[in-house]
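Chain and residue survey
One-letter residues, chain by chain:
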Amino acid sequence: MGDFLSSVLPSGLLDVLSALIPPVVVAFVFCYFIIKLLRREMAPRRMDGSLVGKGAPNASGAADESTPVTRETDAVNETPIVRSAEGTESDDR
């Protein structure tokens, strides 16, 4: 294979390509893992820190798939948001 490349490419270009291949491979692997790490860190998370997505375990603690899972859409604490000494948020409207 080396004879074929040396017959097709000029001799100087083959030396340059063989010198550039290792740094390009290292840079590709480095960038791949950095992008993979950044995507994992920027993934949306729940308030408890667990990932939101298909592979995340259910927060309700359902042990098997036959148990119906209900998701709460209302706030857990029904107290209104209070600004500092101004009253509730709905009073200003």
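Above this note sits the structure.
Owing to the predicted nature of the structure, the values given are computational and were not obtained by experimental measurement.

**Notes on the overall build of the protein chain**
For the protein chain, the helix and strand inventory stands at two helices and two strands. In the protein chain, the succession of α and β elements from N to C terminus is α-α-β-β. Looking at the protein chain as a whole, 2% of its 93 residues are labelled buried. A total accessible area of about 8,700 Å² is found for the protein chain, and carbon and sulfur atoms account for 63% of it.

**Regarding the packing of aromatic side chains**
Taken as a whole and judged by the stated rule, the model has one aromatic pair. Taking 5.2 Å as the distance between ring centres and 80° as the angle between the ring planes, the aromatic pair formed by Y32 and F33 counts as edge-to-face. Since its relative accessible area comes to 45%, Y32 is described here as partly exposed.

Calculation notes
- Residues numbered from 1 in each chain as written.
- Predicted model: local features only at pLDDT ≥ 70, side-chain atom pairs only at ≥ 80, totals over all residues.
- Heavy atoms only, no water.
- Helix = DSSP H or I, 4+ residues; strand = E, 2+ residues; numbered from the N terminus.
- Buried < 20%, exposed > 50% of the residue type's maximum accessible area, 1.4 Å probe, protein only.
- Areas by Shrake-Rupley, 256 points an atom, 1.4 Å probe, with all protein chains shown as cover.
- Phe/Tyr/Trp six-rings, centres within 6.5 Å; stacked < 30°, edge-to-face > 60°.

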